[in-house]
Each structure stands twice: as structure tokens, then as C-alpha cells.
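Residues per chain, in single letters:
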Amino acid sequence: MSWWGGAGRAAAALALRRLRGAAGRPRYSLGRAPPPPPPSASDLERADAWLLRKALEGGLLSWFRNGLLATGVGIISYVQSDTGRDAAYGFFILGGLCVSYGAGSYLVNLVLLRRPMMLPAPTAAANAAAAVLLALLWLCALSLYVGRLEVEIVPEEPPEK
């Protein structure tokens, strides 16, 4: 055995003793026990979480209701006259902005406030999927309705003989 091999082992053992400390425990623990688990939520905290969740859902439903209202006004003005069609597209855009902003802000707040609302991850994912589904259903209904109106309004040309 060479001198360097013995010196290398001695240096490694010294470094290990410095890391572990006198009692053989890792030095970074400083003799403390692991932190205790967090206390369970009180009734007041659960009630606050429930109110926060209901406020968040109320905001989504409010924006969605306003989007549906703007879309309904757009459909009525679309059917009324040719000049109403131009205004209808503005109402459709307004309805789309309301629905998309409501769903987007709900999703962002759901991610940010999941822990204060005491929502488990699967429940938060289901709520997020429901918000996205509402926005997609609105978009599908609007596109199908406008497409149907275009088909009904455009007169068919008689076949040429």
C-alpha cells in the first residue's frame, strides 16, 4: 500500500467525521427532530375555504352569464336586419370576451388558490375541466347557430336547365 492511498483514506475519513459530527448524526440536523405535521384545519378555516370557493365559482358564473346575454343580443340583432348583422358580430365578440375572460380568470385563480380553498388536486382538475367545457360548449353553440343562420338566410339558386 502506498502512502498516498493511506493519506487519501485518512482525508476521506476526516471529511466524513466533520460532516457527521460527534454522535454520528448528520451535522445539518443540529439534533432536532423532524418538524411536526401541520395541525388539522379548524371549522373556521374550512368555512373560509368554502366561502372562497363559492366566490370563485360565482365569478365564473357571472362572467359566463354576461357572455350568454351578449351572445343572445347578438343573435337577436343578427336576425333583425342587414345593419343588425354588423352589430351582431360585435356582440358575439363581446360575448366571447366575457366567456373566455371568465374561464381564464377562474382557471388562474383555481391554480393560485387551490391550497387556501383546501381542494385536492383531482377536484381542482375536475373544476378546471368543467370551466373549459363551458367555454367550448358556448363556442360550439355559437358557431353552429351562426352557421345555421347563414344557411337559412342565403337563398338557394334555382337549378339551371
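See the structure shown above.
Residues numbered from 1 in each chain as written. Predicted model: local features only at pLDDT ≥ 70, side-chain atom pairs only at ≥ 80, totals over all residues. Heavy atoms only, no water.

Caption draft 1: Here's a closer look at helix α3 (residues 82–112). Taking 1.5 Å per residue, 31 residues should reach 45 Å; α3 reaches 45 Å between its end C-alpha atoms and fits that length. Within the span of α3, buried status applies to G84, A88, F92, G95, G96, C98, V99, G102, A103, Y106 and L110. (Helix = DSSP H or I, 4+ residues; strand = E, 2+ residues; numbered from the N terminus. Expected span 1.5 Å × (residues − 1). Buried < 20%, exposed > 50% of the residue type's maximum accessible area, 1.4 Å probe, protein only.)

Caption draft 2: Looking closely at the side chain of E57. Position of E57 relative to the elements: it lies in helix α2 (residues 43–80). Note on E57: relative accessible area 19%, which makes it buried. Side chain to side chain, E57 and K54 meet in a polar contact 3.0 Å long. Discounting residues that sit within four places of it in the chain, E57 has contacts with Y106 and N127. (Polar contact = N/O pair within 3.5 Å; in protein donor to acceptor, adjacent residues only side chain to side chain. Contact = heavy atoms within 4.5 Å.)

Caption draft 3: Region of the structure containing unusual backbone geometry. With a phi angle near 55°, M118 is a residue other than glycine that sits in the positive phi range. With respect to the element layout, M118 can be found in the loop between α3 and α4 (121–153). Among the residues examined, M118 registers a relative accessible area of 38% and is labelled partly exposed.

Caption draft 4: Examining the packing of aromatic side chains more closely. Enumeration according to the criterion identifies 4 aromatic pairs in this entry. Their ring planes at 65° and their centres at 4.8 Å tell us that W63 and Y101 sit as a pair that is edge-to-face. One end of the pair, W63, is in helix α2; the other, Y101, is in helix α3, with 38 residues separating them in the sequence. Judged by relative accessible area, W63 falls into the partly exposed class, the value being 33%. Ring centres of Y78 and F92 lie 6.2 Å apart, and the angle between their planes is 40°; on these two criteria the pair is classed as tilted. Pair noted here: Y78 is in helix α2 and F92 is in helix α3, with a separation of 14 residues, a long-range link. In this structure F92 comes out as buried when scored by relative accessible area, which is 8%. Among the aromatic side chains, those forming a connected cluster through ring pairs are Y78, Y89 and F92. Geometry around Y78 places R85 over its ring, the cationic atom sitting 5.5 Å from the centre. (Phe/Tyr/Trp six-rings, centres within 6.5 Å; stacked < 30°, edge-to-face > 60°. Lys NZ or Arg CZ within 6 Å of the ring centre and 35° of its normal.)

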